[in-house]
Structures are given as C-alpha cells and as structure tokens.
Amino acid sequence: QVHLVESGGGLVQTGGSLRLSCVASGRTLSSYKVDWFRQAPGEEREFVAGITWSGGRTNYADSVKGRFTISVDTAKNTVYLQMNGLKPEDTAVYSCAAKIMPNVAYDYWGQGTQVTVAS
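Description of the structure in this document.

Procedures and definitions
Residues numbered from 1 in each chain as written. Predicted model: local features only at pLDDT ≥ 70, side-chain atom pairs only at ≥ 80, totals over all residues. Heavy atoms only, no water. Pairing = 2+ DSSP bridges. Helix = DSSP H or I, 4+ residues; strand = E, 2+ residues; numbered from the N terminus. Core = buried A, V, L, I, M, F, W, Y, C linked by side-chain atoms within 4.5 Å. Buried < 20%, exposed > 50% of the residue type's maximum accessible area, 1.4 Å probe, protein only. Contact = heavy atoms within 4.5 Å. Salt bridge = Lys/Arg side-chain N within 4 Å of Asp/Glu carboxyl O. Disulfide = S-S within 2.5 Å. Phe/Tyr/Trp six-rings, centres within 6.5 Å; stacked < 30°, edge-to-face > 60°. Lys NZ or Arg CZ within 6 Å of the ring centre and 35° of its normal.

**Points about the pairing of strand β3 (residues 18–25)**
1) Next: Examined bridge by bridge, strand β1 (residues 3–7) and β3 share five bridges and lie antiparallel to one another. When the sheet's bridge partners are listed, Leu 4 is paired in β3 with Ala 24.
2) Next: In the sheet, β3 pairs with strand β8 (residues 78–83) via six bridges, with the strands oriented antiparallel. In the strand pairing of β8, Leu 20 is matched with Leu 81.

As structure tokens, this is what we get:
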C-alpha cells in the first residue's frame with residue numbers, strides 16, 4: 001500500500017510561484033509514474049504534469065508548458081511541481097496520483113492541496 005500526501009498549496013498573486021510536494025510512503029515507487037492533476041470548482045479533473053519515478057520521462061499539459069516543472073527526488077520519495085507565472089485560471093485543488101507503468105488506471109491518489117491565484 002502506498003500513501004500519497006500533497007503539500008505546498010496556498011494563496012498567491014498572479015505571476016507568483018508555488019512549489020507543491022507529493023510525498024510517497026509505504027513502498028518504493030520504482031515501477032510507477034506519478035502525475036499531478038487539478039480540479040477547479042465545477043470543472044472536470046485535468047492532467048497537469050507527469051514523471052516516471054526514474055525521472056527520465058516527463059510530460060505536461062499544453063496549458064502549463066514553460067511555466068510548470070515536475071521533478072522527483074527518489075531519496076526523499078517526493079515528487080515536486082514547481083509552478084511559476086501563476087494565473088487565476090490555475091486556481092484548483094491539485095492532487096498527485098501514482099500508477100504502475102504501462103497501466104492506464106491509477107493505483108493511489110493523494111487528498112489534494114488547494115492553490116488559489118488572486119488576480
């Protein structure tokens with residue numbers, strides 16, 4: 001069993017930055033991919049960014065390319081999402097999820113952290 005805990009959310013002004021963390025506990029995620037999702041009120045959940053645990057492969061939603069960077073620190077069992085140039089439309093609850101590659105379904109989800117970008 002894996003437990004994912006997100007942190008780092010908060011209130012920031014437009015153009016500001018935040019770094020979200022997703023800490024994994026319970027077992028190694030060496031065969032997993034960890035993705036960040038976000039969901040705004042009344043909206044569908046959307047993919048934001050993903051990374052393989054080895055760190056060798058990353059992918060991003062077009063809406064965040066060039067502004068967000070995903071990374072992994074395997075020694076700390078943590079995946080980070082560095083968010084720069086934040087916009088009001090980035091306001092959402094951000095959650096991380098892990099799945100064994102190459103499965104489609106996610107095995108584990110975190111509880112989420114709120115990001116609010118004030119205009």
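**Quick notes on the nonpolar core**
1) Next: Counting residues in each nonpolar core, the largest one holds 30 residues, and the members touching the most others are Leu 4, Trp 36, Leu 81, Met 83 and Tyr 94.
2) Next: Excluding residues that lie within four positions of it along the chain, Leu 4 makes contacts with Cys 22, Val 23, Ala 24, Leu 29, Cys 96, Ala 97, Ala 98, Tyr 108, Trp 109, Gly 110 and Gln 111.

**Digging into the pattern of salt bridges**
Opposite charge on two side chains makes pairing possible when the charged atoms of those side chains draw close.
1) Next: One pass over the full model with this rule turns up five salt bridges.
2) Next: The salt bridge involving Asp 90 is made with Arg 38; its shortest N-O contact spans 2.9 Å. Of this pair, Asp 90 sits in the loop between β8 and β9 (92–100) while Arg 38 sits in strand β4 (residues 32–39), and the two are 52 residues apart along the sequence.
3) Next: In this structure, the salt-bridge partner of Asp 90 is Arg 67, at a minimum N-O distance of 2.7 Å.

**Let's talk about the state of the cysteines**
Here a disulfide denotes one covalent bond, and it connects the sulfur atoms of two cysteines.
1) Next: Within this structure, the stated rule accounts for one disulfide.
2) Next: Put simply, Cys 22 and Cys 96 are joined by a disulfide, and their sulfur atoms are 2.1 Å apart. The chirality of the disulfide connecting Cys 22 with Cys 96 is right-handed, given an S-S dihedral of about 75°. Separated by 74 residues along the polypeptide, Cys 22 in strand β3 and Cys 96 in strand β9 bring together distant segments of the chain.
3) Next: A relative accessible area of 3% places Cys 22 in the buried class.
4) Next: On the basis of relative accessibility, which here comes to 0%, the residue Cys 96 falls in the buried class.

**A word on the packing of aromatic side chains**
1) Next: Following the criterion strictly, the structure yields five aromatic pairs and no others.
2) Next: Seen in terms of ring centroids, Tyr 32 and Tyr 108 are 6.1 Å apart; in terms of plane orientation they differ by 35°. Their pairing is tilted. Here Tyr 32 is found in strand β4, whereas its partner Tyr 108 is found in strand β10 (residues 108–109), with 76 residues between them in sequence. Both residues of the pair, Tyr 32 and Tyr 108, belong to the buried class.
3) Next: Seen in terms of ring centroids, Phe 37 and Tyr 106 are 5.3 Å apart; in terms of plane orientation they differ by 90°. Their pairing is edge-to-face. On the criterion of sequence distance, the pair formed by Phe 37 in strand β4 and Tyr 106 in the loop between β9 and β10 is long-range, its members being 69 residues apart.
4) Next: The class for Tyr 106 is partly exposed, based on a relative accessible area of 22%.
5) Next: By way of ring pairs, the aromatic residues Phe 37, Phe 47, Tyr 106 and Trp 109 are connected into one cluster.
6) Next: For the cation-ring pair, Arg 45 lies above Phe 37, with the distance from its terminal atom to the ring centre recorded as 5.8 Å.

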